[in-house]
Every structure is written in C-alpha cells, then in structure tokens.
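Reading the structure
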Amino acid sequence: MKIGCHISVAKGFYKAAKRAHELGADAFQVFTKNPRGLRPKKLNRADAEKGKQYCGEQGITLVCHTPYITNLSTPKPDLHEVTIRSIKEDLAIADAYGAAGAVVHCGKHVGEGEEYGRRRMVETLNLILDEYEGNTKLLLENTAGQGSELGLSIRELVEIREAVNKPEKVGFCFDTCHAFAAGIWTEETFTDLVDEMEETKYLENLVAIHFNDSKAPWGSRKDRHEKIGKGEIGAQALSLFLREPRFKRLPVVLETPVEDEQEYAEEIRYLHELKG
Ligand SMILES: [Zn+2]
Ligand SMILES: [Zn+2]
C-alpha cells in the first residue's frame, strides 16, 4: 500500500513530485489546474516528462484531481460544454503526468431529479471519453450527498460506469469521509462495505482511496474533512482501510486540512503506525 497526500502544483509538477518524496509519500495527488477555476491550462511538456520520470524512479504513484466547479449532470448547455472541454483537458494533463487516474466528482442534478441526473452524467461522460485514447482513467469519486449530488452508493457508481460506452476508461476513487457522511459505512459495517465492493466488481475498478476523517457526523451528508483521528470516524475505524488485504495494491491519499504541507510528513508517519 502506497501512502501519501495532496500536494500543491503551484511550482510545477516535477517540484510537487520531489516535495511528495521529501514528505515521505510514495503516493500523491495534484490538481490538474486551479480547483476553483476552469481557465484552460497550457501543459508544460518538459516539466511533465521530468516529473513523470522522477515518479517512475522513486516508485511514486500519482493521482490527479479535476476542478470542483464542473457538473457532469448540468442541464445548462453552457456549463455542459465547459465541463466537457475542461475534463478532456484534465485527462490529457493527467495522462502526460503519468497519473493512474484523474478524480472527478459525480454530477449534481440541481433539481432535475436523480434519474435525469444519472442519464445526463452518462451522456456527458460519453462525450468526454469519445475520442480519449490515454492510459489515465477518469475516476468517479463517491460523494457525501450534499445538495443534489449523485453517487453516494457503491451500486449507483457501478451502474453509472457500466452505462457508459467506454467503461474501460472509467474507474473509482473511494473517499472515506464522503462515504461516512453519506452513511454507507461505520466501523461495524466495514467488512460488509468491502464485500459489496467485491461483489459488484467496484473493487476491481477501484484505483485510489482518499483517506480523510470527518468533521461532520455519520449520515450528515456534509463534506467536511478532518485530520485522521480528530474527527467523527476516528483512527480505529479508519485503520481498517489500511489493514484490509483487498486494498493492498491501492494508493492512499490524505486530503486532510493543513496549514502547511509539512504537517503531512507527520500524518503519513501516523498512517504507517496505524497500518501496523
Ligand atoms: Zn476526496
Ligand atoms: Zn471532500
């Protein structure tokens, strides 16, 4: 199991990869571009190549995250068009970095209803992946279920993946905080959750784990990350993920709140301790 954290890519991808290594991470995540904006980004090919090579040499696994403000289920034609253009670009950047996957949030139906939302999400995914030939998979992340967010349950995510034209280009990213807030697991039901992942074939398409404690209580449907062991989930329940043999091949990435990235060095050490 590779363990790491989210890292700023402000100083370039190669520097971010070196930073990950300095912090003791053998997995890390970067945004493909400014998470709050959708401005097109010009890829620095030399930097991407250098960073990719460095990750290869150090045995570091990379996951990318796409900006938050796209909506795969939007009924609005303008946002729909921007979402497609932006995520296509994110996939190209993530692929140039050699990322295992590019995480995208599930759609929000914004009042149009869940059935519409799922249908529109599949339609948008098809338009994004239509001509995509890269190796990096687009990873659907489970949501906390805030507002009209889709994709809370394992079964729903599997159904969406199976409905797209190119399911082989789609994988999953499991967020421990979102799943807890969505009410789909507790310490007591952890094994049932992993069994469900296995039975539905979610597990074989799972590419990364986002490892976060939760400020908000179980079933609250609120997405509020917390440091490991300081939140409502607790270190004991979270350590089950680190010790689960079926998750052994996966990168585990912290997205916990920090004032300074340096704090992740200690949290990564703590995760190795919890793993035992
Ligand atoms: Zn996440
Ligand atoms: Zn979150």
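Within any chain, residue numbers begin from 1 and follow the written order of that chain's sequence. By the order in which they are written, chains take letters starting at A while ligands take numbers starting at 1. With pLDDT at 70 or above as the cut-off, local features in this predicted model cover only qualifying residues; side-chain atom pairs require 80 or more to be listed or tallied, and sums for whole chains, interfaces and linings still use all residues. As a convention, hydrogens and water are excluded, and side-chain values are obtained from all of the structure's heavy atoms.

Put simply, the test is: UniProt positions are given in the numbering used here, feature names are shortened, and annotations may be inferred rather than shown by experiment.
Under the annotation held in an unreviewed UniProt entry, the protein chain carries the name Probable endonuclease 4 and is attributed to Thermoactinomyces mirandus. Annotation of the protein chain in UniProt includes, under Function (unreviewed entry), the sentence "Endonuclease IV plays a role in DNA repair. It cleaves phosphodiester bonds at apurinic or apyrimidinic (AP) sites, generating a 3'-hydroxyl group and a 5'-terminal sugar phosphate." Checking UniProt for the protein chain, the heading Catalytic activity (unreviewed entry) contains the comment "Endonucleolytic cleavage to 5'-phosphooligonucleotide end-products."

**What about the UniProt feature "binding site: Zn(2+) 1" (unreviewed entry) in the protein chain?**
The line we're drawing: Each helix corresponds to a stretch of at least 4 residues labelled H or I by DSSP, and each strand to a stretch of at least 2 residues labelled E; elements are numbered beginning at the N terminus. What qualifies as a polar contact is a pair of N or O atoms within 3.5 Å, subject to a donor-acceptor requirement within protein and to the restriction that residues adjacent in sequence count only when both atoms come from side chains. Working rule for contacts: check all heavy atoms of both residues, and any pair within 4.5 Å makes them a contact.
As recorded in UniProt, the feature "binding site: Zn(2+) 1" (unreviewed entry) lies at H65, H105 and E141. A maximum C-alpha distance of 10.1 Å places the annotated residues, which cover 77 residues in sequence, within one compact spot. Within the fold, H105 resides in strand β4 (residues 101-105). In this structure the side chain of H105 is engaged in a polar contact, spanning 3.4 Å, whose partner is the side chain of H65. One can find E141 in strand β5 (residues 137-141). If we skip the residues at most four places from it in the chain, E141 touches H65, V103, V104, H105, C106, G151, L157, C173, D175, H178, H210 and E255.

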